[in-house]
Amino acid sequence: MIETALRLLDEVGLEGLTVRRLAAEFDVQSPALYWHIRTKQQLLDGMADAIILASGMGPPLDEESWQEWLARRARAYRDSLLAHRDGARIVCAAVQLRPATVRMFDEELSAMVDRGFTPAQALRTITGITHYVNGFVLQKQVRAERPESAAPPGERLAVLAARPDRGASAPLIAALLEGGDPLGEEAFEHGLRAFIDGTAAALHASGQQ
């Protein structure tokens, strides 16, 4: 059911995903699905759980530093969100994940504690990078749904540069032209590196690493 729901999500988006439409995929009436799910929220939670697990949760590999692991985890999580239309909205709206997923999260926290983090620092670091990825992908996916955003980023920046009446200053235009798409790969990697480097600096300042 979750697999079918994710496929339907890619076709119609979150707004078009209803229990009735999902039931039609199985050629049954919607009440039949409530033998398997109690509410639509439970369905959405299951979909969120599947998206998160698809990113490959788990502690760092033996030879990985926490910095390498956190970067790999963030990229994989981003790719998993982007693999489904409205993936970020589904995950952000989740209320309850499966106990098995929570246990895997706890394993990640334990691994970070073994690498010098306090439990609170480990939790804040993982949730902080998760919020960063959620926000980045959410904006990217919302923009993709807007017809006015269909033009390539370079074309939109060129229009902005040619229209000073739209309120953009010369430094802003130069920054956009030089930096490229604010939601592109380079922008994502810049934010990711800033987060990881900032975390490492904070740990060093606290004398923990």
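Residues numbered from 1 in each chain as written. Predicted model: local features only at pLDDT ≥ 70, side-chain atom pairs only at ≥ 80, totals over all residues. Heavy atoms only, no water.

Participant: What is the right way to look at the pattern of salt bridges in this model?
Facilitator: A side chain of one charge can pair with a side chain of the opposite charge if their charged atoms are brought near each other. For the structure shown, the criterion picks out 13 salt bridges. Notably, a salt bridge pairs R89 with D86, separated by 3.9 Å at the nearest N-O pair. Residues participating in the shared-partner salt-bridge network are R7, E11 and E25. (Salt bridge = Lys/Arg side-chain N within 4 Å of Asp/Glu carboxyl O.)

Participant: What is the right way to look at the side chain of T4 in this model?
Facilitator: Residue placement: T4 occurs in helix α1 (residues 2–16). Residue class for T4 comes out buried when judged on its relative accessible area of 17%. Once you skip the residues sitting within four places of it in the chain, T4 turns out to touch L22, E25 and F26. (Helix = DSSP H or I, 4+ residues; strand = E, 2+ residues; numbered from the N terminus. Buried < 20%, exposed > 50% of the residue type's maximum accessible area, 1.4 Å probe, protein only. Contact = heavy atoms within 4.5 Å.)

Participant: It is not clear to me how the nonpolar core should be interpreted in this structure. Could you clarify?
Facilitator: Nonpolar side chains tend to gather and get buried jointly when the protein is soluble and globular. Ranked by internal contacts, the top residues of the largest apolar core, which has 43 residues, are L9, M47, L81, I90, V91, V133 and L192. Elements supplying a minimum of two residues to this core: α1, α2 (19–25), α3 (40–54), α4 (66–82), α5 (87–92), α6 (99–114), α7 (119–144) and α10 (185–205). In terms of residue count, the dominant contributor to this core is α4 (seven residues). Residues within four places of V91 in sequence aside, it is in contact with A48, I51, I52, Y77, L81 and N134. (Core = buried A, V, L, I, M, F, W, Y, C linked by side-chain atoms within 4.5 Å.)

Participant: Would you take a moment to explain the environment of D79 for this structure?
Facilitator: By secondary structure assignment, the location of D79 is in helix α4. Its relative accessible area of 42% is what places D79 among the partly exposed residues. Between the alpha carbons of D79 and V137 there is a distance of 9.1 Å; along the sequence they are 58 residues apart.

Participant: Is there a simple way to think about the packing of α6 against α7 in this case?
Facilitator: In helix packing, the relevant descriptors are the interaxial angle and the interaxial distance, both defined with respect to the helix axes. Relative to each other, α6 and α7 sit at 120°, their axes nearing to 9 Å. Judged on the interaxial angle alone, α7 and α6 are oblique. Crossing of α6 over α7 shows right-handed handedness. Residue-level inspection shows F105, E108, L109, M112 and V113 of α6 in contact with α7, the latter providing P119, A122, L123, T125, I126 and T127. Along the lines of polarity and charge, the residues of the contact of α6 with α7 split into eight nonpolar, two polar and one charged. (Axes fitted to C-alpha atoms, helices over the stretch in contact; angles between N-to-C directions. Parallel < 35°, antiparallel > 145°, perpendicular 65-115°, else oblique. Left-handed = near helix turned anticlockwise from the far one by under 90°. Nonpolar A, V, L, I, M, F, W, Y, C, P; charged D, E, K, R; others polar.)

Participant: What exactly am I supposed to notice about the side chain of R143 here?
Facilitator: Considering the arrangement of structural elements, one finds R143 in helix α7. A distance of 3.0 Å separates the side chain of R143 from the side chain of D181, its partner in a polar contact. (Polar contact = N/O pair within 3.5 Å; in protein donor to acceptor, adjacent residues only side chain to side chain.)

Participant: So what exactly am I meant to see when it comes to the packing of aromatic side chains here?
Facilitator: The relation between two aromatic rings is expressed through the spacing of the ring centres and the mutual angle of the planes. Applying the stated criterion across every chain, the model contains four aromatic pairs. Centroid distance Y132 to F136: 6.0 Å. Interplanar angle 55°. Geometry classified as tilted. Highlighted residues: Y132 and F136, both in helix α7, separated by four residues, approximately one helical turn. On the basis of relative accessibility, which here comes to 22%, the residue Y132 falls in the partly exposed class. (Phe/Tyr/Trp six-rings, centres within 6.5 Å; stacked < 30°, edge-to-face > 60°.)

Participant: Sorry, what's going on with α1 here?
Facilitator: Note that an α-helix has 3.6 residues per turn; residues three or four places apart therefore point the same way. With 15 residues, α1 extends only 16 Å from end C-alpha to end C-alpha; this falls clearly short of the ideal 21 Å at 1.5 Å per step. At D10, α1 shows its largest bend, some 90°. Buried residues of α1: T4, A5, L6, L8, L9, V12, G13, L14 and G16, and no others. If you follow the buried residues of α1, they end up packed against α2, α3 and α5. (Expected span 1.5 Å × (residues − 1). Bend = angle between axes of the 7 residues up to and from the residue.)

Participant: Explanation requested: the confidence of the model for the protein chain in the structure shown.
Facilitator: A low pLDDT score tells you not to read the predicted coordinates there in detail. On average, residues of the protein chain score 87 in pLDDT, and 86% of them reach the 70 mark or higher. The weakest mean pLDDT in the protein chain belongs to helix α8 (residues 153–162) at 59; the strongest belongs to α4 at 97. (pLDDT = per-residue confidence, 0-100.)

Participant: Is there a simple way to explain the packing of α7 against α10 in this structure?
Facilitator: Packing of α7 against α10 brings their axes to within 11 Å, and their N-to-C directions diverge by 165°. When the interaxial angle is binned, α7 and α10 end up roughly antiparallel. By crossing handedness, the relation of α7 to α10 is classed as right-handed. Residues Q121, T125, G128, I129, Y132, V133 and F136 of α7 form the contact with α10, whose participating residues are A187, F188, G191, L192, F195, T199 and L203. Here the contact of α7 with α10 is built from residues that sort into nine nonpolar, five polar and no charged.

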